[in-house]
Amino acid sequence: MKYRKLRQLAMLFLIASAAVPETMACTGITLRSKDGGVVLARTIEWGGSDLESRYVIVPRGYEQHAMLPSGEKGMAFKAKYGYAGFSVEMEAFVAEGLNEAGLSAGLFYFPGYGSYADMPSDGRKCVPDLQLVSYILSTCSSIEDVRKAVGEITVIALDPRASTVHWRFADNTGEQVVLEIIGGRPAFYENRLGVLTNSPSFDWQMTNLNNYVNLHSGSAQPAGTEGMQLRPFGAGSGFLGLPGDVTPPSRFVRAAFYQTSAPVALSADDAVLQCFQILNNFDIPIGTEFAQGEKVTGIPSATQWTSASDVKGLKIYYRTMYNSAIRCIDLNGVDFSTLSYTSAPLDVEKRQPVINIEF
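A short tour of the structure in this document, coming up.

Reading the values: the criteria
Residues numbered from 1 in each chain as written. Predicted model: local features only at pLDDT ≥ 70, side-chain atom pairs only at ≥ 80, totals over all residues. Heavy atoms only, no water. Pairing = 2+ DSSP bridges. Helix = DSSP H or I, 4+ residues; strand = E, 2+ residues; numbered from the N terminus. Axes fitted to C-alpha atoms, helices over the stretch in contact; angles between N-to-C directions. Buried < 20%, exposed > 50% of the residue type's maximum accessible area, 1.4 Å probe, protein only. Core = buried A, V, L, I, M, F, W, Y, C linked by side-chain atoms within 4.5 Å. Contact = heavy atoms within 4.5 Å. Phe/Tyr/Trp six-rings, centres within 6.5 Å; stacked < 30°, edge-to-face > 60°. Lys NZ or Arg CZ within 6 Å of the ring centre and 35° of its normal. Salt bridge = Lys/Arg side-chain N within 4 Å of Asp/Glu carboxyl O.

## Points about the sheet that holds strand E12 (residues 165-170)
- If you trace the 8 strands from one edge of the open sheet to the other, you get E14-E13-E12-E9-E8-E7-E4-E20, paired in antiparallel fashion. Every other strand in the sheet has two partners, leaving strand E14 (185-190) and strand E20 (342-345) as the edge strands with one partner each. When the angles between neighbouring strand axes are averaged without regard to direction, this sheet yields 30 degrees.
- In this structure, strand E7 (residues 83-88) lies alongside strand E8 (residues 90-99), joined through 6 bridges in antiparallel fashion. When the bridges of E8 are listed, Val88 appears paired with Met90.

Printed below as a string of structure tokens:
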């Protein structure tokens, strides 16, 4: 009975997500540091309502069941690896996480382009899209494991009206792939750049970067012809023409150029802070995706939280629309063999703390 209630709540969220696809957005980047660190960071946007996100700590041996469109329990999967992650709407829907083997997994909305396989008559090998992150973090330690695991299951939708998603996976060697399912067929793309947003497909986004071959860091050189001299107005003119809107293609281009022009940080800790600074540029103010006269959601930002995963240091960081302080879950300090399943809201109080300076 409890499981059926959870599924009903899931369906309400999925239907709501289908109704307002324009409010879905995610931007992911990757930075490396001079000490060998690899940090994957991302934002998650949803302007329709508060996602009520929580952090979850999942111990080894914890068993979950895949949800099926029928409302019945699907295949059971047990955690070979403990992990920490951030859920959306329901604890079972982990959108981003890191496991104790150093595997990072995250889902990004992919509306209008993905298409999953039909539900087979035997659902014992099916995993719904919003539970795939949990499944992968529970059972895999490397990209090789991920490829194999995806090949052994069928990824399905709980509701065909909801948006599809695609995924980003990376292990502690730094290898990173994007998984997209189109026409029911899973396709992996090597992601050496380390950037991901939403639709269209990853290969299209990479091709689109060629439209910005003229952009470069620094300032543009003066130019002109007889009778006309052109000079830049100020610093950074080499990026003149960089798209500044919030559409997925524009965010992909902007993230690619900000990431590749960033100086290499000395340490993974420095790279984490650098990631948060870069992703400040991708915060989406609430209201920008609503037409004039439409009722705007009563939340502070469409960017509900931002996270960064240090896959070698085994630390996952986050900040939220309610509190810009960066908080850390250090997996090195977690005994995943004895810990009980743990879940708590990302914010104890939903307001930004203000510290008064006293004289």
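## Some words on the pairing of strand E2 (residues 28-32)
- Most of E2 sits inside the fold, with 4 of its 5 residues counted as buried.
- One ladder, built from 5 bridges, connects E2 with strand E3 (residues 38-46); its direction is antiparallel. What sits directly across from Arg32, in E3, is Val38.
- The antiparallel pairing of E2 with E3 creates a hairpin that spans 5 residues between the two strands, and Gly36 there sits at a positive phi of about 95 degrees.

## Remarks on the nonpolar core
- Counting residues in hydrophobic clusters, the biggest one holds 92 residues, and the most contacted among them are Phe93, Leu132, Tyr135, Ile136, Trp167, Phe169 and Leu331.
- When near neighbours in sequence (up to four residues on either side) are disregarded, Leu132 contacts Val127, Ile153, Val155, Trp167, Phe169 and Leu179.

## Examining the side chain of Ser309
- Here Ser309 shows up in strand E17 (residues 303-310).
- Apart from residues no more than four positions distant in its own chain, Ser309 is found in contact with Val38, Val39, Leu40, Glu96, Leu98, Ser104, Lys315 and Ile316.

## Considerations on the packing of aromatic side chains
- For the structure on display, the rule yields 11 aromatic pairs.
- Here the aromatic rings of Tyr62 and Tyr341 are separated by 4.6 Å at their centres, their planes lie at 20 degrees, and the arrangement is stacked. Here Tyr62 is found in the loop between strand E4 (54-58) and strand E5 (63-67), whereas its partner Tyr341 is found in the loop between strand E19 (327-330) and E20, with 279 residues between them in sequence.
- Look at Tyr62 and you get partly exposed, because its relative accessible area is 29%.
- Across from the ring centre of Phe108, 4.2 Å away, lies the NZ or CZ of Arg42, which sits over that ring.

## Remarks on unusual backbone geometry
- Cis geometry is found at the peptide bond from Ser199 to Pro200, where omega equals 0 degrees.
- Mapped onto the fold, Pro200 is located in the loop between E14 and helix H4 (202-208).
- The backbone phi angle of Glu52 is positive, close to 50 degrees, even though this residue is not glycine.
- Along the polypeptide, Glu52 turns up in the loop between E3 and E4.

## What about the environment of Val246?
- For Val246, the location among the structural elements is in the loop between strand E16 (228-230) and helix H5 (248-261).
- With 38 residues separating them in the primary sequence, Val246 and Ile284 have C-alpha atoms 7.3 Å apart.

## Brief notes about the pairing of strand E6 (residues 73-78)
- As paired elements, E5 and E6 share 4 bridges and run antiparallel to each other. Residue pairing across strands places Gln64 opposite Phe77, the latter belonging to E6.
- Here E5 folds back onto E6, and the loop between the two strands holds 5 residues, one of which, Gly71, carries a positive phi near 95 degrees.

## Things to note about the pattern of salt bridges
- The full count for this structure, using the stated rule, is 8 salt bridges.
- Close ionic contact of Glu100 with Arg60 constitutes a salt bridge, the shortest N to O distance being 2.8 Å. Remark: Arg60 occurs in the loop between E4 and E5 and Glu100 occurs in the loop between E8 and strand E9 (104-109); sequence separation between them is 40 residues.
- We classify Glu100 as partly exposed; its relative accessible area is 23%.
- A relative accessible area of 39% means that Arg60 is categorised as partly exposed.

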